[in-house]
Amino acid sequence: MNKTMLADDPEHGPSALRQLRAMTVDICDVIALTDENDFHITTTTVMAGNALLVDSRATDLEYDRTPAHIARGGLDHYQMTLCIEGEMRFSSGRREVTLRPGDICLLDMAQPNRTVFRGGSGRTHLMAIIVQRSMLAPRLAHPDSATATLLPSDQPSRAPARKPLRSACAAA
């Protein structure tokens with residue numbers, strides 16, 4: 001199945017923020033870090049086999065995934081995020097990383113976390129692949145402590161990991 005969903009109100013602003021909050025109420029709290037009238041998000045999601053591909057462009061915002069979200073949601077997935085533009089700060093427990101363009105981060109969605117998007121030019125652009133834990137955990141040395149694993153763009157040995165992620169998301 002290949003389905004695209006856009007989370008975007010052409011008028012943006014408060015109605016787009018309300019729409020995003022309604023779509024993510026069971027996953028996280030959404031906090032706009034701009035005036036609600038300036039808020040804008042465009043998210044394209046595509047199911048590709050057992051993975052969800054996500055391409056997002058947004059004004060400054062924060063996602064807060066609390067223990068309550070974890071308890072009621074049952075998401076047992078990993079998210080691999082590639083920062084294209086802007087900056088993403090991710091924290092979970094005592095682990096904290098900052099992604100800049102070209103960086104990739106592995107996030108464990110089964111753990112409470114906070115993600116902050118800051119766009120230098122007004123928008124952050126991220127691409128992500130979300131997969132079930134059962135698909136990725138067997139390939140990780142320490143699957144329960146893998147969250148906030150950063151693959152910085154300035155490490156050439158990590159370049160092979162970026163190409164498939166970018167290609168898969170570009171197909172979305």
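Just so it is clear, the model here is predicted, and its values are computed rather than measured. (Residues numbered from 1 in each chain as written. Predicted model: local features only at pLDDT ≥ 70, side-chain atom pairs only at ≥ 80, totals over all residues. Heavy atoms only, no water.)

(A) Local environment of the overall build of the protein. Along the protein, the regular secondary structure elements total four helices and 12 strands. Per-residue burial over the protein gives 42% buried out of 172 residues. (Helix = DSSP H or I, 4+ residues; strand = E, 2+ residues; numbered from the N terminus. Buried < 20%, exposed > 50% of the residue type's maximum accessible area, 1.4 Å probe, protein only.)

(B) Here's a closer look at the sheet that holds strand β8 (residues 95-99). Read from one edge of the open sheet, five strands run β2-β5-β10-β7-β8, paired in antiparallel fashion. Both outer strands of the open sheet, β2 (29-32) and β8, are each paired with one neighbouring strand and no more. Across the sheet, the mean angle separating the axes of adjacent strands is 15 degrees when strand polarity is ignored. Pairing of strand β7 (residues 87-92) with strand β10 (residues 113-118) involves five bridges; the strand directions are antiparallel. Bridging from a neighbouring strand, E87 pairs with R118 of β10. The strands touched by helix α1 (residues 13-24) are β2 and β5 (61-65); relative to β2, the strand with the most contacts, the crossing angle is about 160 degrees. (Pairing = 2+ DSSP bridges. Axes fitted to C-alpha atoms, helices over the stretch in contact; angles between N-to-C directions. Contact = heavy atoms within 4.5 Å.)

(C) Broad picture of the pairing of strand β11 (residues 124-132). With eight of nine residues buried, β11 lies mostly within the body of the structure. The pairing of strand β6 (residues 77-85) with β11 spans eight bridges and is antiparallel. Pairing of Y78 across the sheet is with V131, part of β11.

(D) Region of interest: the environment of M47. On the secondary structure map, M47 appears in strand β3 (residues 41-48). When the C-alpha positions of M47 and I129 are compared, they lie 9.7 Å apart, and in sequence the two are 82 residues distant.

(E) Looking closely at the pattern of salt bridges. In the structure shown here, the tally under the stated rule is nine salt bridges. Ionic pairing is found between D60 and R118, a salt bridge with its closest N-O pair at 3.5 Å. With D60 in the loop between β4 (51-58) and β5 and R118 in strand β10, this pair connects stretches of sequence that are 58 residues apart. (Salt bridge = Lys/Arg side-chain N within 4 Å of Asp/Glu carboxyl O.)

(F) A look at the side chain of D60. Residue class for D60 comes out buried when judged on its relative accessible area of 15%. Here the side chain of D60 touches G119 through a polar contact of 2.8 Å, landing on its backbone nitrogen. In contact with D60, not counting residues within four places along its chain, are A32, L33, T34, F117, R118 and G119. (Polar contact = N/O pair within 3.5 Å; in protein donor to acceptor, adjacent residues only side chain to side chain.)

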